[in-house]
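Listed below, chain by chain, are the residues.
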Amino acid sequence: VQAMIKDGTAAPELSQLILERGAGNPLFIEEFTRALLDKGYIRRSDDQYVLAVKPDDILVPATVEGIIGSRIDGLKGTLKQTLQVSSVIGREFSATVLQMAMGMSEGLQEALSELQSLELIYEKNLFPEMEYTFKHALTYEVAYNSLLQERRKYFHAAVVAAIERLYLDRIEEQVELLSRHAFRGELWEKAVVYLKQA
């Protein structure tokens, strides 16, 4: 909680509320505190953060999945789509594969930077190519499950096409990844070929 509010301390009644709702789960405590800040339910008073509303007036989902889902739903169009397509690629993903799968180059780096500042993803590698990872496995799962099944299928197929183009000269290194995406994209013939190779 202290790491989230940085420039002050939580009043005892605020700390108690957060600890009770968080039930000892650090991720829930972090996401719940972020939700309170984002929705304006807590405010700074001198050097302390205090509740700005009555505890009964706090409208925040009761589960960590719900809070993360609410954050994802609140993202603007490009940000939300970037996060969702990233989740189709996997918990760790290449910026190049993402760009090719989305068919988008303009504004993608800004979207990735914004998702980093929102602490939904982190930069993992700069070299040999830019790679990112979701901050939490749960964030990755909620983002993936927030996509409609037909859209997921479409983007899994787009990821197969992107990987095939990108790694054309060393495709054998990618067969496990390709088999998973081909299967989930319902590209049955390719799935059989890549599964056999894997």
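Figured I'd write up the structure that's included with this text. (Residues numbered from 1 in each chain as written. Predicted model: local features only at pLDDT ≥ 70, side-chain atom pairs only at ≥ 80, totals over all residues. Heavy atoms only, no water.)

### Quick word on the pairing of strand E5 (residues 121–125)
Point 1. Where E5 lies against strand E6 (residues 131–134), four bridges are found, and the strand directions are antiparallel. Residue Ile-121 lies in a different strand from E6, and its bridge partner there is Phe-134. (Pairing = 2+ DSSP bridges. Helix = DSSP H or I, 4+ residues; strand = E, 2+ residues; numbered from the N terminus.)

### A word on the environment of Gly-40
Point 1. Here Gly-40 shows up in the loop between helix H3 (26–38) and strand E2 (42–45).
Point 2. Counting along the chain gives 11 residues from Gly-40 to Leu-51, while the straight-line C-alpha distance between them is 9.0 Å.

### Describing the sheet that holds strand E4 (residues 92–94)
Point 1. An order of E4-E6-E5 is seen for the three strands of this open sheet, with the pairing classed as antiparallel. What marks the edges here is a single partner per strand, and that holds for E4 and E5. Across this sheet, the average inter-strand angle for adjacent strands is 35°, counted without regard to direction.
Point 2. This element, helix H5 (residues 77–89), spans E4, E5 and E6 of the sheet and lies at about 105° to E4.
Point 3. Sheet contacts for helix H6 (residues 95–102): E4 and E6; angle to E4, the most-contacted strand, approximately 70°. (Axes fitted to C-alpha atoms, helices over the stretch in contact; angles between N-to-C directions. Contact = heavy atoms within 4.5 Å.)

### As for the packing of helix H10 (residues 175–184) against helix H11 (residues 188–197)
Point 1. Relative orientation of the contacting elements H10 and H11 amounts to 150°, with a least axis distance of 8 Å. For the element pair H10 / H11, the angle class is roughly antiparallel. Between H10 and H11 lies a crossing of left-handed hand. On H11, the residues that touch Val-175, Leu-178, Ser-179, Ala-182 and Phe-183 of H10 are Trp-188, Lys-190, Ala-191, Tyr-194, Leu-195 and Gln-197. (Parallel < 35°, antiparallel > 145°, perpendicular 65-115°, else oblique. Left-handed = near helix turned anticlockwise from the far one by under 90°.)

### Let's talk about the pattern of salt bridges
Point 1. All told, the structure shown has 12 salt bridges when counted by the stated rule.
Point 2. Between Lys-135 and Glu-30 there is a salt bridge, with its nearest N and O atoms 2.3 Å apart. You can see Lys-135 sitting in the loop between E6 and helix H8 (137–145) and its partner Glu-30 sitting in helix H3, a full 105 residues away along the chain. Each member of the pair, Lys-135 as well as Glu-30, is classed as buried.
Point 3. The partner of Glu-92 in a salt bridge is Lys-124, with the nearest N and O atoms 3.1 Å apart. (Salt bridge = Lys/Arg side-chain N within 4 Å of Asp/Glu carboxyl O. Buried < 20%, exposed > 50% of the residue type's maximum accessible area, 1.4 Å probe, protein only.)

### Topic: a nonpolar patch on the surface
Point 1. Together, Phe-183, Trp-188 and Leu-195 line one region of the surface with nonpolar side chains, adding up to about 340 Å² of accessible area.
Point 2. Following the sequence through the fold, Trp-188 ends up in helix H11. (Patch = residues over 30% accessible without salt bridge, like charges linked within 9 Å, V, L, I, M, F, W, Y side chains within 5 Å. Areas by Shrake-Rupley, 256 points an atom, 1.4 Å probe, with all protein chains shown as cover.)

### Points about the packing of aromatic side chains
Point 1. If you walk through the whole model with that rule in mind, you get six aromatic pairs.
Point 2. Centroid distance Phe-28 to Phe-32: 6.0 Å. Interplanar angle 10°. Geometry classified as stacked. Within this pair, Phe-28 and its partner Phe-32 are both found in helix H3, separated by four residues, close to a single helical turn. Across this residue pair, the class does not change: Phe-28 and Phe-32 are buried.
Point 3. Taken together, a centroid distance of 5.6 Å and an interplanar angle of 75° make the contact between Phe-183 and Trp-188 edge-to-face.
Point 4. An aromatic cluster is defined as three or more aromatic residues linked by ring pairs; in this entry it consists of Phe-93, Tyr-132, Phe-134 and Tyr-140. (Phe/Tyr/Trp six-rings, centres within 6.5 Å; stacked < 30°, edge-to-face > 60°.)

### A look at the side chain of Thr-82
Point 1. The topology assignment puts Thr-82 in helix H5.
Point 2. A distance of 2.7 Å separates the side chain of Thr-82 from the backbone oxygen of Thr-78, its partner in a polar contact.
Point 3. Beyond its immediate sequence surroundings of up to four residues, Thr-82 is in contact with Leu-98, Met-102, Leu-108, Ala-111, Leu-112 and Leu-115. (Polar contact = N/O pair within 3.5 Å; in protein donor to acceptor, adjacent residues only side chain to side chain.)

### Observations regarding unusual backbone geometry
Point 1. Located in the positive-phi region is Ala-23, a residue other than glycine, with phi close to 50°.
Point 2. Among the secondary structure elements, Ala-23 is positioned in the loop between helix H2 (12–22) and H3.
Point 3. Even without being glycine, Glu-186 reaches a positive phi, approximately 60°.
Point 4. With respect to the element layout, Glu-186 can be found in the loop between H10 and H11.
Point 5. By relative accessible area, Glu-186 is classed as partly exposed at 37%.

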